[in-house]
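Structural overview for review
Residue strings, one per chain:
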Amino acid sequence: MNANYEVRGDVAVITLNNPPVNGLGFDTRKAFAAGVDRAVDDPAVRAIVITGAGKAFSGGADIREFGSPKALAEPNLLSLIKLLEDCPKPVVAALHSVCMGGGLELALGAHYRVAAPGTNIALPEVKIGLVPGAGGTQRLPRVLGVETALNMIVSGEPVKSEVLFALPGQKLLDRLIEGDLLDGAVTFAREVADRRPLPRVRDLKAAHPQGDAYFQFARNTVRAMAKHFPAPVRCVDCVEQSTKAKFDDGMVYERAAFLALMMTPECKALRHAFFGERAASKIPDVPEDTPVREIRKVAVIGAGTMGGGISMNFLNAGIPVTILETSQEALDRGVGVMRRNYEAQVKKGKLKPEQYEQRMALLSTTLAYDDIRDADLVIEAVFEDMGVKEQVFRRLDEVMKPGAILASNTSTLDLNRIASFTKRPQDVVGMHFFSPANVMKLLEVVRGDKTAKDVLATVMAIAKKIRKTAVVSGVCDGFIGNRMLEQYIRQAMFMLDEGATPAQIDKAIEAFGFAMGPFRMSDLAGNDIGWAIRKRRYVEKPEIRYSRVGDRLCEMGRFGQKTGAGWYDYQPGKRDAIPSPVVEKMIEDHRRELGIAPRAIGDEEIVQRLVFALVNEGAKILEEGIASKASDIDMVYLTGYGFPLHRGGPMCYADTFGLFNVVQAMKRFARNPHDDAGFWTPAPLLAKLVAESRTFT
Ligand code: NAI
């Protein structure tokens, strides 16, 4: 295993065999090297073909080995590439399906490359904050020219083999092979078996006619596009070296850039997000081989804001949807919104007209529960009212076929209660989409006390199909995301009381990297939502302190963009947030009534109070088992709340900042007489981690 060896007449074939994508892990590298040795030693072998079994040539490094000593153990990837380059017999790499990262770098060590059409070729290292580390930046420009190579390296995006093959003057692919790839590769190998000298990519020259000007232009463009990330600019630097330095010196340069990037917080954050995404789909007590229920048909109850967006996700994935409503008007309105959404995509060229038709053809509507009884999954998205939910779930329990999954999109209600309206609580689960549901990546999967494991496994699988990042949350008020957000907003409002303005707070946290500050976000979502939650809290938990400044805003009817005024003013038809003198005066009046003398609050304090509010609540969520791992919390914030990717999510950021330092800052905030001192008591888990010098992740 790991690499297969066979001889076809006078050609040896070495096949990488490390499912799922032939990652170049230690055992695979060893077996591969042994295969090359064997082929060189065999006098009957005149040429060597290397390829990959199954679904890939090779997807690159074996991510399961990331960070372990095995990843670098000899023979490492650089040694394998050298082995091929120095091989006295011609080596032909036969590429298909996926040829990425280290896989492509390995192929560039071969003397020749042939490919099946449709092969995805890429150097995606930049996506985890790195430059390619095994010669990719030095060899790819030599075979594809500087501009094409640079675009691929800086974007990390795959390009199809036939596109690259068609480029004038390219030396990446010697032949495009229709039909059986291996047969074609072996035939090609025989054709070149006696040709000498053996061509090596390292001996080619990379050049650009406008050298310096081009690279300066590229650097400026890349810097503007990737503000927070150092890797893309370093990619440009490395490619520039391929045109200026001797090959070996370019390799040293690339290595140094790779190692330096590896240590940056941005790279750490990107790797954390990369692994966090994969880890999120694994649920500790739900084995990976849990059988899943088949989802062929979906029903959605309610054609409002959420119901329509949710339906679009399934239609986009080719899964038929029936929407059920209480009136024909509601159905027409909902379907009308979906149509307009799709039409906008067609207009922008993001969707072909025939795709639009295909998707709409999968949609049906009804007013009768009888029409949805054989759906495999039904998602309820009716009004956020327990009475209405009860009605719907009792009815679903009566009509739905046995084994159907009954999901609720509730954002605040107790899922266990919803499940109790049915005689099959094991089939009930929360699927908490975010608005706009057809766009936002995040899906919180809410696990009720009785939710069956195969229901969870099925929902996680279907989430992948509709391209969501699914994170499991236990049942609690607000689940992971909104529960943390409540603390973040509480702090934002305390800071208004103390002397900050909405614009100042938004600006500070946006400079930290958030897509949108709390006040702009609240104006977008509707300030009345938070108002309603606070009203409930004042009754449920009177001991918790809130600033009333947000209530005063709502009492003025300033609900946000939808009413043309919120924390900011808005001009009709525009979304630009304009600081509002009216709001500023309201805040000043409020402050005066509280008897607070305003003080200047620095950006650093603003950022820390907002982010550490998230961190402390996140720690509680972890401790209570609402989230099963810190990276799940980070995925929620990265994909659903605009937390800056280069910071890796709140928990990852806290680790990078140092939990000791986080707690010290919290102690400082607790001494502020206008803040809620209790707010800043470190969560027991946080205190424990500091005491034991450990981290969240
Ligand atoms: P909405 O008011 O836009 O839509 C609700 C729809 O449900 C309406 O079209 C209404 O006619 C229909 N409906 C009401 N009772 C019904 C019944 N008995 N049978 C069938 N249809 C019925 O509300 P929205 O915003 O779509 O919210 C729906 C659910 O999604 C709520 O539980 C909400 O908490 C949740 N949610 C909302 C988010 C948002 O940003 N709007 C985000 C995440 C979850």
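Residues numbered from 1 in each chain as written. Predicted model: local features only at pLDDT ≥ 70, side-chain atom pairs only at ≥ 80, totals over all residues. Heavy atoms only, no water.

Here we come to the overall build of the protein. A count of helices and strands for the protein gives 28 helices and 19 strands. Scaling as 2.2 N^0.38, a compact globule of 697 residues should have a C-alpha radius of gyration of about 26 Å, and the protein matches this with 29 Å. Overall, the protein is about 90 × 60 × 50 Å in size when its C-alpha atoms are taken along their principal axes. Within the protein, buried positions represent 55% of all 697 residues. Carbon together with sulfur atoms contributes 55% to the accessible area of the protein, which is approximately 29800 Å² in total. Distance from the positive charge centre (90 side chains) to the negative charge centre (86 side chains) of the protein: 2 Å. (Helix = DSSP H or I, 4+ residues; strand = E, 2+ residues; numbered from the N terminus. Rg over C-alpha atoms; globule rule 2.2 N^0.38 Å. Buried < 20%, exposed > 50% of the residue type's maximum accessible area, 1.4 Å probe, protein only. Areas by Shrake-Rupley, 256 points an atom, 1.4 Å probe, with all protein chains shown as cover. Lys, Arg positive; Asp, Glu negative; His and termini not counted. Charge placed at Lys NZ, Arg CZ, Asp CG, Glu CD.)

Now for helix α11 (residues 265-280). Counted at 1.5 Å a residue, the expected span for α11 with its 16 residues is 22 Å, and the 21 Å between its end C-alpha atoms agrees. The set of residues buried in α11 consists of E266, C267, A269, L270, R271, H272, A273, G276 and A280. Summarising the contacts, the buried residues of α11 are in contact with α10 (247-262), α17 (453-465), β17 (469-473), α25 (630-640) and α26 (650-657). (Expected span 1.5 Å × (residues − 1). Contact = heavy atoms within 4.5 Å.)

This part covers the packing of helix α4 (residues 136-144) against α10. How two helices sit against one another is set out by the angle between their axes and by the gap between those axes. Between α4 and α10, the least distance of the axes is 8 Å, while the angle of their chain directions is 130 degrees. In terms of orientation, α4 and α10 fall into the oblique class. Residues G136, T137, Q138, R139 and R142 of α4 touch α10, and the partners they reach there are F247, G250, M251 and E254. Considering only residue class, the contact of α4 with α10 consists of 2 nonpolar, 4 polar and 3 charged. (Axes fitted to C-alpha atoms, helices over the stretch in contact; angles between N-to-C directions. Parallel < 35°, antiparallel > 145°, perpendicular 65-115°, else oblique. Nonpolar A, V, L, I, M, F, W, Y, C, P; charged D, E, K, R; others polar.)

Backbone torsion omega between E74 and P75 reads 0 degrees, so that peptide bond is classified as cis. Within the secondary structure, P75 is located in the loop between β3 (47-52) and α2 (77-85). Between R196 and the following residue, P197, the backbone shows a cis peptide bond with an omega angle of 0 degrees. Looking at the secondary structure, you find P197 in the loop between α7 (181-192) and α8 (211-225). One non-glycine residue with positive phi stands out, namely N22, at about 55 degrees. Relative to the elements of secondary structure, N22 occurs in the loop between β2 (11-17) and α1 (26-41). A relative accessible area of 2% places N22 in the buried class. If you check the backbone angles, F479 has positive phi at about 50 degrees while not being a glycine. F479 sits in the buried class, given a relative accessible area of 1%.

In the neighbourhood of the ligand, 21 residues make up the surrounding shell, with M306, E325, E384, K389 and N409 lying closest. Side-chain polar atom of E384 to an oxygen atom of the ligand: 2.5 Å apart, as the coordinates give it. A distance of 2.8 Å is found between an oxygen atom of the ligand and a side-chain nitrogen or oxygen belonging to S411. In the complex, 79% of the free accessible area of the ligand, which totals 830 Å², lies under the protein chains. Those elements that place two or more of their residues in the shell around the ligand are α12 (305-316), α15 (386-399) and β15 (428-433). If one sorts the elements of the shell around the ligand by residue count, α15 sits on top with 3 residues. (Near = heavy atom within 4 Å. Polar contact = N/O pair within 3.5 Å; in protein donor to acceptor, adjacent residues only side chain to side chain.)

When you line up the elements, A452 lands in the loop between β16 (442-446) and α17. Relative accessible area serves as the criterion here: at 17%, A452 is assigned to the buried category. For A452 and P425, which are 27 residues apart along the polypeptide, the C-alpha to C-alpha distance reads 8.4 Å.

By the assigned domains, the protein splits into domain 1 (3-262), domain 2 (298-473) and domain 3 (481-691). Centre-to-centre, using C-alpha coordinates, domain 1 lies 47 Å away from domain 3. (Domains from an automatic or database assignment.)

All right, on to the sheet that holds strand β5 (residues 98-100) then. Read from one edge to the other, the open sheet built from 3 strands follows the order β5-β7-β8, with strand pairing classed as mixed. A strand with exactly one partner marks an edge of an open sheet, and here the two such strands are β5 and β8 (159-160). The sheet contact formed by strand β7 (residues 120-122) and β8 spans 2 bridges and is antiparallel. Paired with I121 across the bridge in β8 is V159. (Pairing = 2+ DSSP bridges.)

Time to look at the packing of aromatic side chains. Under the criterion given, the structure shown has 18 aromatic pairs. On the basis of an interplanar angle of 70 degrees and a centroid distance of 4.8 Å, the ring pair of F519 and W567 is categorised as edge-to-face. Of this pair, F519 sits in helix α20 (residues 518-525) while W567 sits in the loop between α22 (549-555) and β18 (568-569), placing them 48 residues apart in sequence. Take F519 and W567: they sit in the same class, and that class is buried. On the numbers, 4.4 Å between centres and 20 degrees between planes, the contact of Y637 with Y641 is stacked. Members of the aromatic cluster, connected to one another through ring pairs, are Y488, F512, F514, F612, F643, Y653 and F657. The cationic tip of R548 hangs over the ring face of Y538; the distance from NZ or CZ to the ring centre is 3.9 Å. (Phe/Tyr/Trp six-rings, centres within 6.5 Å; stacked < 30°, edge-to-face > 60°. Lys NZ or Arg CZ within 6 Å of the ring centre and 35° of its normal.)

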